[in-house]
Amino acid sequence: WANMPYFRQVRELEGIPVINIHMWFDRKLTSVDHLCFSRSPLLSVYADMSTCCKEYADDERSMLELVFAPCSPLAGGKTNWIAKSDEEIVEATMKELARLFPTEIGPGAPDGGAVLRKSAVVKTPRSVYAAIPGRNKYRPSQETPIENFTLAGDWTSQKFLGSMEGAILAGKLAAEVVTDRSAGRPTQGIKSVQQHVIDEANKASEEVPVGLDLDSDSAFVYGGGEEMSQRSEEALQNQDKEQLEAATVAAR
Ligand SMILES: Cc1cc2nc3c(=O)[nH]c(=O)nc-3n(C[C@H](O)[C@H](O)[C@H](O)COP(=O)(O)OP(=O)(O)OC[C@H]3O[C@@H](n4cnc5c(N)ncnc54)[C@H](O)[C@@H]3O)c2cc1C
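Residues numbered from 1 in each chain as written. Predicted model: local features only at pLDDT ≥ 70, side-chain atom pairs only at ≥ 80, totals over all residues. Heavy atoms only, no water.

A. Spatial organisation of the site of the ligand. Neighbouring the ligand are the residues Val18, Val67, Ser127, Val128, Gly153, Asp154, Gly162, Ser163, Met164, Glu165, Ala167 and Tyr222. Within the backbone of Ser163, a nitrogen or oxygen atom sits 3.2 Å from an oxygen atom of the ligand. A distance of 2.9 Å is found between an oxygen atom of the ligand and a backbone nitrogen or oxygen belonging to Met164. When isolated, the ligand has an accessible area of 1000 Å², and the protein chains bury 45% of it. (Near = heavy atom within 4 Å. Polar contact = N/O pair within 3.5 Å; in protein donor to acceptor, adjacent residues only side chain to side chain. Areas by Shrake-Rupley, 256 points an atom, 1.4 Å probe, with all protein chains shown as cover.)

B. Representation of the domain arrangement of the protein chain. As assigned here, the protein chain comprises domain 1 (5-14 + 132-203) and domain 2 (18-124). In this structure, domain 1 and domain 2 have C-alpha centres spaced 36 Å apart. (Domains from an automatic or database assignment.)

C. View of the nonpolar core. Counting 28 residues, the largest nonpolar core has Ile19, Phe25, Leu66, Phe68, Trp81 and Leu97 as the members making the most contacts within it. Only β1 (18-25), β3 (43-48), β4 (63-68) and α3 (86-100) provide two or more residues apiece to this core. If you tally residues by element for this core, the top one is α3, at 6 residues. Apart from residues no more than four positions distant in its own chain, Phe68 is found in contact with Val18, Ile19, Ile21, Leu42, Leu43, Trp81, Ile89, Ala92 and Thr93. (Core = buried A, V, L, I, M, F, W, Y, C linked by side-chain atoms within 4.5 Å. Buried < 20%, exposed > 50% of the residue type's maximum accessible area, 1.4 Å probe, protein only. Helix = DSSP H or I, 4+ residues; strand = E, 2+ residues; numbered from the N terminus. Contact = heavy atoms within 4.5 Å.)

D. View of the pairing of β1. Where burial is concerned, most of β1 is hidden: 6 out of the 8 residues are buried. One ladder, built from 8 bridges, connects β1 with strand β5 (residues 116-124); its direction is antiparallel. Its bridge partner lying in β5, Val18 is registered against Thr124. For β1 and β4, the ladder comprises 6 bridges, and the chain directions are antiparallel. Looking at the pairing, Asn20 lines up with Val67 of β4. (Pairing = 2+ DSSP bridges.)

E. Structural view of the pattern of salt bridges. Applying the stated criterion to the full structure yields 11 salt bridges. Here Asp111 makes a salt bridge to Arg27, at a shortest N to O gap of 3.0 Å. With Asp111 in the loop between α3 and β5 and Arg27 in the loop between β1 and β2 (36-37), this pair connects stretches of sequence that are 84 residues apart. A salt bridge links Arg185 to Asp180; the nearest nitrogen and oxygen atoms lie 2.8 Å apart. With a relative accessible area of 12%, Asp180 lands in the buried category. One connected set of salt bridges, linked through shared partners, spans Glu14, Arg126, Asp240 and Glu242. (Salt bridge = Lys/Arg side-chain N within 4 Å of Asp/Glu carboxyl O.)

Now the structure itself:
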């Protein structure tokens, strides 16, 4: 299947890294009962889970979850944060929080500001596809050339980018393909594939797939994220070593 034009076009979509940070503080910060978008170039969205999530509810101490992005040149950042240590990432986050909330965090805040009790850094090296210009035409339809195989997922062709909305809509469209096919109704058809992909597919020979070590139980194999341990660092080194290269690279 890998060299069929329909599947080959997926090579044009590249998953970008994202980091999720969990931070437990020694006091309650001013918070709102909502997910917030930040004006920071490093922390895109965050929420005080002690306020807006029942499982973490705490009136005395805040627990922030933050999305640390862009964290690589492909995603529009200057630094490859995936290759950095957890300590460096937490330090950069604390500096950014001190800039955003100077009255509560950092040396400028009364009594030195909130103290971080503990933290967890979850790295997802291949998250949503990079929504750089010209990618939409390579997103495959849910209907595939294989009769009993249908695709879903935020990256498949639908009107939203890689997101929760995109994942839901793609799932609905996939369900439509399955029900239409099983009821013998006409489907929407397979989305056309770009000519250069067809030309490349015609010339391609069989290759050993890279990046998927099915003997590994690392979440990275399945496009997931985890806290970096020696084991996960080795998994990344074996499957996707460019992620660990050059800690600082010029932005595109
Ligand atoms: C840190 C972070 C923050 C985000 N923030 C937002 C946000 O604020 N708003 C928003 O809209 N979106 C956000 N997203 C994106 C959103 O989470 C995704 O777009 C969405 O979850 C994709 O859903 P999906 O069903 O397409 O894929 P996934 O949720 O990735 O589901 C795919 C599933 O398939 C499993 N799988 C993979 N390979 C195999 C295999 N071989 N066998 C069996 N199972 C397999 C995986 O384990 C996974 O459970 C964020 C993503 C990340 C990582």
